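Chain and residue survey
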Amino acid sequence: MTGVLSSRWDWYECTFDAIDDGRVALKLAAALGATMSIGKGRNGYASCEVLERDGGIVAQVYGRSARAGEVHVTVTSDACLTVVPILRELFPDHRVSRADTAVDFRSDFDTLDAQALAFAADRNLSHRLFTNSEGGATRYIGSARSETQLRVYKKSEQLRALHPESAHEVPDGIVRCELVVKPGKRDLKLRLGHMSADDAWGMSKWSGEFSGLVMGFTPERVPTHFRRPTDWQRALHFLGTQYAPSVAKRAEVVGAEQAAKELLGALGLSNV
């Protein structure tokens, strides 16, 4: 990738063969310091081990395929930063079925979108723009059925919609350029498993050109990795958002201690 921006993995999905597929999750969990729980199998895999650390899912390991010993691992979002290097070290001969390489920076979306649109039109690439009532916008370039598809979107708005409880922590004006790579041939899947997130932009001619033409400049760098709240923190946030006014009114009448007892009783926790 030319230019000064640095990409990172935001989705990493791979398959490999193991002598004992039942030990793959144990080995990965030990390396990550993660706990394991049972999930639901999918796509021909009868078993799923969910790996969690610091209150969030870091990987899902699928096994017991009809193809003996085959294992499939999915890693998404910020977990890729930690998990992908360890996954590559432990199981280097894996085949990547999907990898998203992303770069975030501060930019005027309309200006960048105009560049992306002109880029697509000059190369006769399919393109479409989706917007929503919350101010979000995403420009898609390329077909979802092809090996590479690009998304350019308003990351600030997306983060705030996903995590309203910490929306105030998200800076304004973050834009993400994200390339979704889905190799079709086995040798390309193996090759992608050894590429950097920057190098993956070269998986198609036009995506390599985009990385140089559109992102080959020095933007204002901004933090884009925000600690995801735990399920408990999210539950507290939405509980407070919905019921805090009612509880506060009740506390004015009977006092905070009695209101707290009544609330715990309503939740079936009066004996705690």
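Just so it is clear, the model here is predicted, and its values are computed rather than measured.

The rules behind the values
- Residues numbered from 1 in each chain as written.
- Predicted model: local features only at pLDDT ≥ 70, side-chain atom pairs only at ≥ 80, totals over all residues.
- Heavy atoms only, no water.
- Patch = residues over 30% accessible without salt bridge, like charges linked within 9 Å, V, L, I, M, F, W, Y side chains within 5 Å.
- Areas by Shrake-Rupley, 256 points an atom, 1.4 Å probe, with all protein chains shown as cover.
- Salt bridge = Lys/Arg side-chain N within 4 Å of Asp/Glu carboxyl O.
- Helix = DSSP H or I, 4+ residues; strand = E, 2+ residues; numbered from the N terminus.
- Pairing = 2+ DSSP bridges.
- Axes fitted to C-alpha atoms, helices over the stretch in contact; angles between N-to-C directions.
- Contact = heavy atoms within 4.5 Å.
- Phe/Tyr/Trp six-rings, centres within 6.5 Å; stacked < 30°, edge-to-face > 60°.
- Buried < 20%, exposed > 50% of the residue type's maximum accessible area, 1.4 Å probe, protein only.
- Core = buried A, V, L, I, M, F, W, Y, C linked by side-chain atoms within 4.5 Å.
- pLDDT = per-residue confidence, 0-100.
- Polar contact = N/O pair within 3.5 Å; in protein donor to acceptor, adjacent residues only side chain to side chain.
- Arc of directions from axis to C-beta.

Further remarks concern a nonpolar patch on the surface. Nonpolar side chains collect at one region of the surface, where Trp 232, Leu 236, Leu 239, Tyr 243, Val 247, Leu 263, Leu 264, Leu 267 and Leu 269 lie side by side and expose about 810 Å² of accessible area between them. Mapped by element, the contributors of at least two residues to the nonpolar patch are helix 7 (231-254) and helix 8 (256-266). Sorting elements by how many residues they give to the nonpolar patch places helix 7 first, with 5 residues. Locating Leu 264 in the fold gives a position in helix 8.

In this section: the pairing of strand 2 (residues 35-38). Here strand 2 runs beside strand 3 (residues 45-53); their pairing, made up of 4 bridges, is antiparallel. If you follow Thr 35 over to strand 3, its bridge partner there is Glu 52.

Taking strand neighbours across the sheet as the criterion, the 10 strands line up as 2-3-4-5-1-6-10-9-8-7 in an open arrangement whose pairing is antiparallel. One side of each edge strand has no neighbouring strand; the edge strands of this open sheet are strand 2 and strand 7 (127-131). For this sheet, the mean angle separating the axes of adjacent strands, direction not counted, is 15°. In the packing of helix 2 (residues 79-90) onto the sheet, contacts are made with strand 1 (8-17), strand 3, strand 4 (56-65) and strand 5 (70-76), and the angle to strand 1 comes to roughly 30°. Sheet strands in contact with helix 3 (residues 109-122) are strand 6 (95-106), strand 7, strand 8 (137-141), strand 9 (148-154) and strand 10 (174-181), and its direction is about 15° off that of strand 8.

Turning to the packing of aromatic side chains, a few remarks are in order. Within this structure, the stated rule accounts for 7 aromatic pairs. Seen in terms of ring centroids, Phe 119 and Phe 210 are 5.2 Å apart; in terms of plane orientation they differ by 85°. Their pairing is edge-to-face. Here the residue Phe 119 occupies a position in helix 3, and Phe 210 occupies one in helix 6 (residues 205-213), the gap between them amounting to 91 residues. Like Phe 210, Phe 119 is buried.

Counting 52 residues, the largest nonpolar core has Tyr 12 and Leu 51 as its most contacted members. Sort the elements by how many residues they give to this core and helix 2 lands first, with 6 residues.

Here we come to the pairing of strand 6. With 10 of 12 residues buried, strand 6 is to be regarded as a mostly interior element. Examined bridge by bridge, strand 1 and strand 6 share 7 bridges and lie antiparallel to one another. Pairing of Trp 9 across the sheet is with Thr 101, part of strand 6. Relative to strand 10, strand 6 runs antiparallel, the two sharing 8 bridges. Counterpart to Arg 106 in the pairing with strand 10 is Ile 174.

Overall, the prediction assigns the protein a mean pLDDT of 85, with 84% of residues at 70 or greater. Contacts of residues 217-226 to residues separated by more than four positions or lying in other chains number 26 contacts, the stretch itself having pLDDT below 50.

With that out of the way, let us pick up the side chain of Glu 70. As for its placement among the helices and strands, Glu 70 is situated in strand 5. On the basis of relative accessible area, Glu 70 is assigned to the buried category, the value being 8%. Among the polar contacts listed, one links the side chain of Glu 70 to the side chain of Tyr 45, at a separation of 2.6 Å. With sequence-adjacent residues up to four places away left out, Glu 70 is seen in contact with Thr 15, Phe 16, Asp 17, Asp 21, Tyr 45, Tyr 62, Gly 63, Ser 65 and Arg 95.

Of note, the phi angle at Arg 64 is positive, near 55°, even though the residue is not glycine. Note on Arg 64: relative accessible area 57%, which makes it exposed. You will see that Asn 124, though not glycine, has its phi angle at about 60°, which is positive. Inspection of the secondary structure assignment puts Asn 124 in the loop between helix 3 and strand 7.

Along helix 6, the residues that are buried comprise Trp 206, Ser 207, Phe 210 and Ser 211. Here the buried residues of helix 6 occupy an arc of 140° about the axis, which is enough to place them on one side. Every exposed residue of helix 6 that faces more than 90 degrees away from the buried side is listed here: Lys 205 and Leu 213. On its buried side, helix 6 packs onto helix 3, strand 8, strand 9 and strand 10.

Turning our attention to the pattern of salt bridges. It is possible for side chains of opposite charge to pair when their charged atoms get near one another. Within this structure, the stated rule accounts for 16 salt bridges. Note that Asp 10 is salt-bridged to Arg 8, the shortest N-O span being 3.5 Å. The salt bridge involving Asp 10 is made with Arg 176; its shortest N-O contact spans 3.2 Å. You can see Asp 10 sitting in strand 1 and its partner Arg 176 sitting in strand 10, a full 166 residues away along the chain.

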